[in-house]
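Report on the structure
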Amino acid sequence: MRILLVEDEPTLSQQLIQALRESGYSVDHTDNGRDAQHLALGESFDAIILDLGLPLIDGLTVLKNLRAQGRKMPVLILTARDGWHEKVAGIDAGADDYLSKPFHMEELLARLRALIRRATGHASSELDCGTVRLDTKSGRVTVDAQPVTLTAHELKVLSYLMHHQNEIVSRTELTEHIYEQDFDRDSNTIEVFIGRLRKKIPPELIETVRGLGYRLNNTN
Ligand code: CA
């Protein structure tokens with residue numbers, strides 16, 4: 001899962017980037033509204049964390065422009081303390097949730113998980129597929145209730161597929177959603193990660209759809 005973080009306060013940005021990466025997200029960060037708009041329109045993100053008070057273009061305008069361009073990804077806005085009017089304006093502009101500064105990192109992470117879960121049509125923070133279970137909160141994976149150890153990249157691939165069960169996911173889509181912008185991307189490595197995942201979870205769960213990509217089949 002890949003997040004766009006738009007925040008101009010350096011210390012808070014660093015704390016957020018670290019917490020998000022530790023939680024298994026790929027994170028692209030920008031500190032101004034103009035780059036935020038450019039990135040959000042041109043790249044693939046599973047959610048956006050958007051501060052409203054930003055240089056160049058304010059967050060509310062960025063949000064309105066994204067929605068006007070038909071971008072539907074979940075957006076969590078960060079507002080000033082007691083900025084109730086900002087929250088109202090943000091929600092009206094298409095925000096899915098908000099947090100007032102200062103906030104607890106745990107709350108931000110929980111809200112983010114919920115947004116991604118809802119956007120992909122899942123009700124619970126634990127995702128099941130056959131005997132495989134992913135706890136999106138802890139990032140733990142089990143097969144038949146036995147813990148399975150995955151590398152960070154394997155977990156990112158599995159997490160994306162678990163959120164998009166029974167859908168065909170192309171290698172390009174996977175590449176876009178597991179790597180940050182500056183990462184040296186190579187969609188061939190996706191094949192390697194899939195190969196390794198098939199050794200760690202029941203191999204038949206991940207179907208190769210020739211010429212199109214992969215599908216995690218949930219027959220429950
Ligand atoms: Ca700000």
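The model shown is predicted, which means the values in this text are computed figures rather than measured ones. (Residues numbered from 1 in each chain as written. Predicted model: local features only at pLDDT ≥ 70, side-chain atom pairs only at ≥ 80, totals over all residues. Heavy atoms only, no water.)

**Brief notes about the coordination of the calcium ion**
- Listed as protein donors to the calcium ion are Asp8 (OD), Asp51 (OD) and Gly53 (O); their distances from the metal cover 2.2 to 2.3 Å.
- Taken in sequence order, the residues that donate to the calcium ion follow the motif D-x42-D-x1-G. Separated by 45 residues along the polypeptide, Asp8 in the loop between β1 (2–6) and α1 (10–22) and Gly53 in the loop between β3 (47–51) and α3 (59–68) bring together distant segments of the chain.
- Relative accessible area serves as the criterion here: at 32%, Asp8 is assigned to the partly exposed category. (Donors = N, O, S within 2.8 Å, 3.2 Å for Na, K, Ca; no water. Helix = DSSP H or I, 4+ residues; strand = E, 2+ residues; numbered from the N terminus. Buried < 20%, exposed > 50% of the residue type's maximum accessible area, 1.4 Å probe, protein only.)

**A few points about the nonpolar core**
- Core analysis: the biggest nonpolar cluster contains 46 residues, and Leu20, Ile49, Leu108 and Leu174 have the highest contact counts within it.
- Apart from the residues lying within four places of it in its own chain, the contact partners of Leu20 are Ile3, Tyr25, Val27, Ile49, Leu108, Leu109 and Leu112.
- In terms of nonpolar packing, the next biggest core, distinct from the first, is built from 18 residues, Leu4, Val6, Ile77 and Ala95 among them. (Core = buried A, V, L, I, M, F, W, Y, C linked by side-chain atoms within 4.5 Å. Contact = heavy atoms within 4.5 Å.)

**Section: the packing of α1 against helix α5 (residues 105–119)**
- Between α1 and α5, the shortest axis-to-axis distance is 11 Å and the interhelical angle comes to 55 degrees. Compared by their axis directions, α1 and α5 come out oblique. The two elements α1 and α5 meet at a crossing, and its hand is right-handed. Between α1 and α5, the contacting residues are Gln15, Leu16, Ala19 and Leu20 on the first element and Met105, Leu108, Leu109 and Leu112 on the second.
- Among the residues forming the contact of α1 with α5, the class breakdown is seven nonpolar, one polar and no charged. (Axes fitted to C-alpha atoms, helices over the stretch in contact; angles between N-to-C directions. Parallel < 35°, antiparallel > 145°, perpendicular 65-115°, else oblique. Left-handed = near helix turned anticlockwise from the far one by under 90°. Nonpolar A, V, L, I, M, F, W, Y, C, P; charged D, E, K, R; others polar.)

**Concerning the sheet that holds β1**
- Taken in spatial order, the five strands line up as β2-β1-β3-β4-β5 in an open sheet, and their pairing is parallel. Among the strands making up the open sheet, the edge pair consists of β2 (26–30) and β5 (97–100). Pairs of neighbouring strands in the sheet enclose a mean axial angle of 20 degrees, with direction left out of account.
- Together, β1, β2, β3 and β4 (75–79) form the strand contacts of α1, whose direction differs from that of β2 by roughly 165 degrees.
- Along the sheet face, helix α4 (residues 84–92) touches β4 and β5 and points at about 160 degrees away from the line of β4. (Pairing = 2+ DSSP bridges.)

**Re unusual backbone geometry**
- Of the consecutive residues Lys101 and Pro102, the connecting peptide bond is found in the cis state with omega at -5 degrees.
- At Asp144, a residue that is not glycine, the phi angle is positive and equals roughly 55 degrees.
- Tracing the backbone through its elements, the reader meets Asp144 in the loop between β8 (140–143) and β9 (146–148).
- Of note in this structure, Asn166 is not a glycine but carries a positive phi near 65 degrees.
- As for its position among the elements, Asn166 is in the loop between α6 (152–163) and β10 (168–169).

It is worth stressing that arrangement in space is one thing and function is another; only the former is reported here.
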